[in-house]
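# Residue-level structure breakdown
The primary structure of each chain is shown beneath.
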Amino acid sequence: MRALILSGGIYHDFARLGAALAGILSAQGFRCEIVTHPDALAAALAEPTDLVAVQALRWRMLGHEKYEPFRADWAYQAEPGLIAALEGHIARGAGLLALHTGCICFDDWPGWLDLLGGGWVWGQSFHAPDLEPVTAMPVPGHPVTEGLAPFAVTDEHYRALRLDPGVTVLAEGHSTGGDFPLAWAKGRAVTLTTGHDLASLTEPGQAAFIARAARWAAGMTGETRA
């Protein structure tokens with residue numbers, strides 16, 4: 001099973017996060033390839049892929065002067081080749097996994113959130129200024145969450161996200177700011193909004209959730225592996 005991981009962006013240690021995600025997926029039998037630019041992802045999708053994981057922060061970087069020092073290296077507008085490649089990937093019934101900032105990417109392409117079934121909306125969505133304790137409560141009744149226990153991380157708890165009608169909420173998140181959906185599925189696309197840093201991503205409960213979500217999105221059967 002082939003998995004492509006899109007990594008890279010500002011404010012996160014994406015090099016370590018990408019390697020850790022590849023480790024989680026490799027343990028489940030995926031052959032992982034990490035790319036660090038959306039155009040490279042589009043090119044790699046010329047070959048059949050079972051799972052695309054977006055663990056990156058690539059958007060136009062508008063709306064605040066604090067992004068100015070980073071725009072030359074990291075600002076991105078969705079190119080037609082990327083759009084066609086991801087739409088074709090989904091049309092083939094292959095899996096998609098968006099982690100944390102993955103649901104913030106490609107803000108000039110409304111179809112990205114259509115594929116995910118929701119995500120970050122600039123001017124509406126937000127999180128607390130600092131990392132905070134977040135308890136994830138898996139919602140039973142779905143193959144991704146069956147038998148999974150709640151887990152706790154210190155992370156960014158996204159609030160006021162877009163969530164489309166008909167999506168399946170896979171986990172609710174609780175923090176001092178309230179209760180908000182933490183993960184959901186649309187078709188074979190799974191979005192998990194936590195995973196800001198290495199400690200959060202590799203927390204055993206969260207790693208188990210990611211492993212289960214990746215296997216399910218890619219159509220793999222059987223139990224997850226330790």
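In case you missed it, the structure is sitting above this.
The notes below deal with the structure included here. Note that the coordinates shown come from a computational prediction; the quantities given were computed from them, not determined experimentally. (Residues numbered from 1 in each chain as written. Predicted model: local features only at pLDDT ≥ 70, side-chain atom pairs only at ≥ 80, totals over all residues. Heavy atoms only, no water.)

## Overview of the nonpolar core
- The biggest cluster of nonpolar side chains holds 75 residues, and the ones touching the most others in it are L41, L51, L86, L97, F106, W112 and F209.
- Take this core: its biggest share by element is eight residues, from helix α7 (residues 204-217).
- Dropping the residues within four chain positions of it, L41 is found in contact with L4, L6, V35, V52, L82 and L86. (Core = buried A, V, L, I, M, F, W, Y, C linked by side-chain atoms within 4.5 Å. Buried < 20%, exposed > 50% of the residue type's maximum accessible area, 1.4 Å probe, protein only. Helix = DSSP H or I, 4+ residues; strand = E, 2+ residues; numbered from the N terminus. Contact = heavy atoms within 4.5 Å.)

## A look at the pattern of salt bridges
- This structure, assessed with the given rule, holds eight salt bridges.
- Across the pair R60 and D107 runs a salt bridge whose closest N-O atoms are separated by 3.1 Å. Taken together, the residues span a long stretch of sequence, with R60 in the loop between β3 (51-56) and α3 (68-74) and D107 in the loop between β4 (95-99) and α5 (110-116) at a distance of 47 residues.
- Judged by relative accessible area, D107 falls into the partly exposed class, the value being 23%.
- Taken together, the shared-partner salt bridges in this structure form one network comprising R2, R31 and E33. (Salt bridge = Lys/Arg side-chain N within 4 Å of Asp/Glu carboxyl O.)

## Describing the packing of helix α1 (residues 14-26) against α7
- In contact at an axis separation of 9 Å, α1 and α7 are set at 60° when each is read in the N-to-C sense. What the angle tells us is that α1 and α7 run oblique. Crossing handedness for the pair α1 and α7: right-handed. Where α1 abuts α7, its residues L21, I24 and L25 lie against A207, I210, A211 and A214. (Axes fitted to C-alpha atoms, helices over the stretch in contact; angles between N-to-C directions. Parallel < 35°, antiparallel > 145°, perpendicular 65-115°, else oblique. Left-handed = near helix turned anticlockwise from the far one by under 90°.)

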